[in-house]
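So the chains spell out like this:
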Amino acid sequence: MTSSRLPGGTAEFVRRGTLFEPVPPADTAALTHVLAALATVDRYAAEVGHEPLGFDLDIDSQLDDSATGRKFGLGSSGAVTVAVVRAAARAHGLRATAETELKLALLALFSVDPHCSGGDVAASARGGWVYYKAPDRAALATALRQPGRSLAALVARRWPLLEVRSVPPPRELSLQVGWVGRPARSSDLVQAMKRAVSEHPSRYRQFVTASEHCVDELAAACDREDSRAITGALDTAGRLLRDLTALSGVAIESPELTRLRHIAEELGAVAKSSGAGGGDCGIALADPSVVPALQRRWREADIEPLNLRTIGGSLRVRVERSASKSAGNTPD
């Protein structure tokens, strides 16, 4: 395996049961999601009758700051999980549907962090703007712990609550992303929030209900291309998160993200924190005419506008077959 996350840039791995272990031993903490994805596909392939596979895996990510190596908070863990699942499945010759690849990637992600939503996996698997509802993660975890439980059977069955579909992006608005330069760990924020709201269960349920309604309104507004309703829903989503901060005491909108939002609002745009908040990025929907001023003022406030755009279609992987029979199949 080749990756900038590995000490020395490369390492060899062998199978130990259902796990992949480096030989000689090496620090692979930064590749937790990669190894989880490989192990998940390996188990699935074995259950549907495929032999173990030898391969070379080359990982090159641009979802971080090239100068410092810090993550931008763009869901790189989800993206690499989907990419590795897709590459490994195709190298095995599995005729996996898009739904099967999504479920395998979600299972790999939940095996690393059972508290995450999986939204970054859904976005990477589907591409573009995506409406996503997470499956019942507790039920999936329980099913996987059952002795003799078939992973392939679990993937084949319907998952309660899971919903993924594409929504059209607004044509009259420009999506802008600003990086505040300070990373945030989503799982830590989620755990802190769970502890904080345990004392206010009814008010937290009200927040969840209101947030679900807000997301549904946003998706419906995108479907009918209603720019005013789209910005209204995004503004409501941000306000709900700020109300949750007041309830829990957990800072979702950091001072840098507040500054990002205020600058956008002064220019007539709508902005909010992205993901779990606490750092990383904020997003804004703005009239294209104010984008140059928005980016300039963000830079003056030490917020880096990221040169990003959403595209339709999911991520692509390249799988190359080795000419040597002894080498097996080789995905890159």
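Residues numbered from 1 in each chain as written. Predicted model: local features only at pLDDT ≥ 70, side-chain atom pairs only at ≥ 80, totals over all residues. Heavy atoms only, no water.

Trainee: Looking at this structure, I do not really get the overall build of the protein. What am I missing?
Mentor: Each helix and strand in the protein was counted, giving 11 helices and 12 strands. The C-alpha extent of the protein, read off along each of the three principal axes, is 65 × 45 × 35 Å. Counting the 332 residues in the protein, one finds 42% classified as buried. Contacts spanning at least 24 positions in sequence make up 70% of the contacts within the protein whose residues lie at least 6 apart. Total accessible area computed for the protein in this model is approximately 17,600 Å², and 50% of it derives from carbon and sulfur atoms. Looking at the protein, you have 40 positive and 39 negative side-chain charges, and the mean spots of the two groups are 4 Å apart. (Helix = DSSP H or I, 4+ residues; strand = E, 2+ residues; numbered from the N terminus. Buried < 20%, exposed > 50% of the residue type's maximum accessible area, 1.4 Å probe, protein only. Contact = heavy atoms within 4.5 Å. Areas by Shrake-Rupley, 256 points an atom, 1.4 Å probe, with all protein chains shown as cover. Lys, Arg positive; Asp, Glu negative; His and termini not counted. Charge placed at Lys NZ, Arg CZ, Asp CG, Glu CD.)

Trainee: In this structure, what is going on with helix α11 (residues 291–300)? I would like to understand it.
Mentor: Note: α-helices contain 3.6 residues per turn, so residues at a spacing of three or four share the same orientation. Looking only at α11, the buried set comprises V291, L294 and W298. Seen from one end, α11 has its buried residues packed into an arc of 60°, which puts them on one side. Opposite the buried face of α11, at more than 90 degrees from it, the exposed residues are P292 and E300. Structurally, α11 contributes buried residues whose contacts are with β7 (174–179), α10 (255–266), β9 (281–286) and β10 (304–306). At the exit of α11 stands D302, carrying a positive phi of roughly 60°. (Arc of directions from axis to C-beta.)

Trainee: Would you take a moment to explain the packing of aromatic side chains for this structure?
Mentor: Two descriptors summarise a pair of aromatic rings, namely the distance from one centre to the other and the angle between the planes of the rings. By the definition in use, this model includes two aromatic pairs. Considering the side-chain rings of F20 and F55, the 6.3 Å spacing of their centres and the 55° angle between planes classify their relative orientation as tilted. Placement of the pair is F20 in strand β3 (residues 19–22) and F55 in the loop between α1 (32–47) and β4 (58–59), with a sequence separation of 35 residues. For F20, a relative accessible area of 11% gives the class buried. Here the basic side chain of R165 rests over the ring of Y131, its NZ or CZ set 5.2 Å away from the ring centre. (Phe/Tyr/Trp six-rings, centres within 6.5 Å; stacked < 30°, edge-to-face > 60°. Lys NZ or Arg CZ within 6 Å of the ring centre and 35° of its normal.)

Trainee: Looking at this structure, how should I read unusual backbone geometry?
Mentor: For residues other than glycine, phi is negative in most cases, and the peptide bonds are mostly trans. Looking along the chain, the bond that leaves V23 and enters P24 is cis, with omega of -5°. Among the secondary structure elements, P24 is positioned in the loop between β3 and α1. Positive phi values are uncommon outside glycine, yet E225 reaches one of about 55°. Summarising the element assignment, E225 is placed in the loop between α8 (201–223) and α9 (227–248). Backbone geometry places D302, a non-glycine residue, at a positive phi of 60°. Along the polypeptide, D302 turns up in the loop between α11 and β10.

Trainee: Explain the pattern of salt bridges here, please?
Mentor: On inspection of all chains with the given rule, the structure shows 15 salt bridges. E21 is paired through a salt bridge with R16; the nearest N and O atoms lie 3.5 Å apart. By relative accessible area, which is 34% here, E21 ends up partly exposed. For the salt bridge of E253 with R242, the shortest nitrogen-to-oxygen distance reads 3.8 Å. Highlighted residues: E253 in the loop between α9 and α10 and R242 in helix α9, separated in sequence by 11 residues. (Salt bridge = Lys/Arg side-chain N within 4 Å of Asp/Glu carboxyl O.)

Trainee: Sorry if this is basic, but what is going on with the sheet that holds strand β8 (residues 270–273) here?
Mentor: Strand pairing in a sheet is mediated by backbone hydrogen bonds. Such pairs are either parallel or antiparallel. Taken in spatial order, the four strands of this open sheet run β8-β9-β7-β10, and their pairing is antiparallel. Strands with a single pairing partner mark the edges of an open sheet, and in this sheet they are β8 and β10. Here the average twist between neighbouring strands, direction ignored, is 30°. Alignment of β7 against β10, held across three bridges, turns out to be antiparallel. In the strand pairing of β10, G178 is matched with P305. Contacting β8 and β9, α9 runs over the sheet at an angle of about 35° to β8. Contacting β7, β8 and β9, α10 runs over the sheet at an angle of about 10° to β9. (Pairing = 2+ DSSP bridges. Axes fitted to C-alpha atoms, helices over the stretch in contact; angles between N-to-C directions.)

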